[in-house]
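Here is what each chain is made of, one letter per residue.
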Amino acid sequence: MDSNMLSEQVFNTSSVVISVIYYLIYAITMWKVFSKAGYPGILALIPIVNWVILVKIAGMSGWAALLYLIPIVNIVFAIVVAIKEGKNFGKGGVFSFFLLWLFPFIGHLIIGFGSAQYNKV
């Protein structure tokens, strides 16, 4: 077996394993965030439904999640959702921008397993 082929296979396999681990951890954190907000946590596992619930947690209509499908608008909308979501969990704008929009893995981990309480503003 060619050594390049073997190294590519090992790299691809490890990438898949790391991606699955990342997804599982993120799904668990989103489950906790949804549960804190009063929604069933299992909805965090359904790809497009979790957008709708996240928009509802931010205090907006679920139909507004369709804005995620429009290029460029989706970036601005994601920032708005992150800031409103952070406000509903008692976090400030800087936390929301950097840790809920730019690094949502870390922000949702802090909200889900931290002491933040959901209060719809």
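Residues numbered from 1 in each chain as written. Predicted model: local features only at pLDDT ≥ 70, side-chain atom pairs only at ≥ 80, totals over all residues. Heavy atoms only, no water.

As recorded in an unreviewed UniProt entry, the chain goes by Signal peptidase I and comes from Microbacterium luteolum.

Draft legend 1. View of the UniProt feature "transmembrane region" (unreviewed entry) in the chain. Per the UniProt entry, the sites bearing "transmembrane region" (unreviewed entry) are residues 6-25, 37-57, 63-83 and 95-116 in this numbering. As a span, residues 95-116 carries 82% helix and 0% strand, and end to end its C-alpha atoms are 13 Å apart. (UniProt positions renumbered as here; feature names shortened; annotations may be inferred. Helix = DSSP H or I, 4+ residues; strand = E, 2+ residues; numbered from the N terminus.)

Draft legend 2. Structural view of helix 2 (residues 47-57). For helix 2, every residue scored as buried is listed here: Asn-50, Ile-53, Leu-54, Val-55 and Ile-57. Among the residues trailing helix 2, Gly-59 stands out with phi positive, at a value near 95°. (Buried < 20%, exposed > 50% of the residue type's maximum accessible area, 1.4 Å probe, protein only.)

Draft legend 3. Here's a closer look at helix 4 (residues 93-102). Buried within helix 4 are the following residues: Phe-95, Ser-96, Leu-99 and Leu-100. On an axial view of helix 4, the arc spanned by its buried residues comes to 110°, and they lie on one face. Turning to helix 4, the residues buried within the fold contact helix 3 (73-88) and helix 5 (104-113). (Arc of directions from axis to C-beta. Contact = heavy atoms within 4.5 Å.)

Draft legend 4. Highlighting the environment of Phe-98. Mapped onto the fold, Phe-98 is located in helix 4. In this structure Phe-98 comes out as partly exposed when scored by relative accessible area, which is 40%.

Draft legend 5. A look at the packing of helix 4 against helix 5. Where helix 4 contacts helix 5, the two axes come as close as 5 Å, and the packing angle between them is 110°. In this view, helix 4 runs roughly perpendicular relative to helix 5, as classed from their interaxial angle. Here helix 4 contributes Phe-95, Leu-99, Leu-100, Trp-101 and Leu-102 to the contact with helix 5, which in turn contributes Pro-104, Ile-106, Gly-107, His-108, Ile-110 and Ile-111. Its residues placed into classes, the contact of helix 4 with helix 5 shows 9 nonpolar, 2 polar and no charged. (Axes fitted to C-alpha atoms, helices over the stretch in contact; angles between N-to-C directions. Parallel < 35°, antiparallel > 145°, perpendicular 65-115°, else oblique. Nonpolar A, V, L, I, M, F, W, Y, C, P; charged D, E, K, R; others polar.)

Draft legend 6. Local environment of the layout of surface pockets. There is about 280 Å³ of room inside the largest pocket. Lining the largest pocket are 16 residues, with Tyr-26, Trp-51, Leu-54, Tyr-68 and Pro-104 sitting closest to its centre. Taken together, the elements giving at least two residues each to the lining of the largest pocket come down to helix 1 (3-36), helix 2, helix 3, helix 4 and helix 5. For the lining of the largest pocket, a count of residues per class yields 13 nonpolar, 2 polar and 1 charged. (1 Å grid on protein atoms, 1.4 Å probe; cavity = no way out; pocket = protein on both sides within 12 Å on 5 of 7 lines; lining within 4 Å. Points joined across faces, edges and corners; volume = space filled by probe spheres on them.)

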